[in-house]
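# Residue-level structure breakdown
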Amino acid sequence: MADKSKLIDYIDEALEKSKETALSRLFFTYQGIPYPVTMCTSETFQALDTFEARSDDIVLASYPKCGSNWIVHIISELISADSKKKYEYSEFPVLECGDPEKYQRMKQFPSPRILATHLHYDKLPGSIFKNKVKILVIFRNPKDTAVSFFHFHNDVPNIPSYGSWDEFFSQFMKGQVSWGSYFDFAINWSKHLDDENVKFILYEDLKKNLATGIKQIAEFFGFSLTGEQIQTISAHSTFQAMRAKSQETHGAIGPFLFRKGEVGDWKNLFSETQNQQMDEKFKECLAGTSLGARLKYESHCQA
Ligand SMILES: Nc1ncnc2c1ncn2[C@@H]1O[C@H](COP(=O)(O)OS(=O)(=O)O)[C@@H](OP(=O)(O)O)[C@H]1O
């Protein structure tokens, strides 16, 4: 993310608000979805309805904890390499977070603008579709996503914590967490993965072969870079490289945000019963769907 200080300022402000917020008061509901009061407001959601997307904006859609900061970093590196100019983003990149005036300020920003979002497909502003904006959708297996989400709450000082992993798991399964249910998000997106201007990418595939993933992302957004440039971006985008710079890029929260970056960490927390519950839920919501197959659930969540 390019304008680090603005980003860190925004994160620090959210952490400051979190200090005074008990878990029981963390969420407010907007159009049926719970959001954290520390990051979102209904005024900003109302203003978002009038947001004017540009055809050359870059939308990065993901459920929380599926690698949004990773992809934002990769895209900003691609833009910088392509334009030979360091990508500057003077706004917190998550579209729905911040004050309602941010959309006015964003009108002044040069193209391409990076618009990260955790919104469900049907909550995205209409201008994204009207103007045929390209959308990269990032998914991660639900077990590791839940574990990452839990650690974020319970490891970061000042963010409201859960009493235990079991308590968090139960809320996650009910969708009573920030940005709502992973499974609703997935079901909502699953019908649109093959739409024009949409590309799907899996966290676990990117982790396994970063350079190939970056090349595919570059092709989708029309950046023509050399193999050497792709290799350089790849070296800057490993978990180790990003974690090493995380305090510089994200402030005090950095090492918590770039926590472990592994596939299969769920094995350290899930009980047998929780495994069964998640496997059932996956079956009920996604078995037989194209997203269900693309998530490679058997390899990443049952092996
Ligand atoms: N480069 C790289 N490689 C592998 N994994 C990475 C990378 N960058 C971020 N991450 C991991 O992504 C998790 C955080 O996801 P998000 O950035 O989407 O979090 S947030 O919702 O925006 O707060 C979080 O996962 P966990 O480590 O499992 O907690 C990060 O470590």
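This text goes with the structure placed above it.
Residues numbered from 1 in each chain as written. Predicted model: local features only at pLDDT ≥ 70, side-chain atom pairs only at ≥ 80, totals over all residues.

In the vicinity of the ligand there are 22 residues, among which Ser68, Asn69, Ser148, Arg259 and Gly261 approach most closely. Where the shell around the ligand is concerned, the elements lending two or more residues are helix 3 (68-83), helix 6 (142-155) and helix 12 (239-244). The class makeup of the residues in the shell around the ligand is 7 nonpolar, 9 polar and 6 charged. (Near = placed C-beta within 6 Å. Helix = DSSP H or I, 4+ residues; strand = E, 2+ residues; numbered from the N terminus. Nonpolar A, V, L, I, M, F, W, Y, C, P; charged D, E, K, R; others polar.)

Tyr182, Phe185, Ala186 and Trp189 are the residues of helix 8 (residues 182-190) that are buried. Buried residues of helix 8, viewed axially, fall in a sector of 95°; they line one side. Among the structural elements, strand 5 (134-139), helix 6, helix 15 (272-286) and helix 16 (290-294) are those in contact with the buried residues of helix 8. (Buried ≥ 20, exposed ≤ 12 C-beta atoms within 10 Å, placed from the backbone. Arc of directions from axis to C-beta. Contact = placed C-beta atoms within 7 Å.)

The subject of this paragraph is the sheet that holds strand 5. In spatial order, the strands read 4-3-5-6; together these 4 strands make up an open sheet with parallel pairing. The open sheet terminates on both sides in strands that have one partner only, identified here as strand 4 (114-117) and strand 6 (198-202). When the angles between neighbouring strand axes are averaged without regard to direction, this sheet yields 20°. Relative to strand 5, strand 3 (residues 58-62) is paired through 5 bridges, and the arrangement is parallel. Bridge pairing in strand 5 places Ile58 opposite Lys134. Of the strands in this sheet, strand 3, strand 5 and strand 6 touch helix 10 (residues 210-221), which is tilted by about 155° from strand 5. (Pairing = 2+ DSSP bridges. Axes fitted to C-alpha atoms, helices over the stretch in contact; angles between N-to-C directions.)

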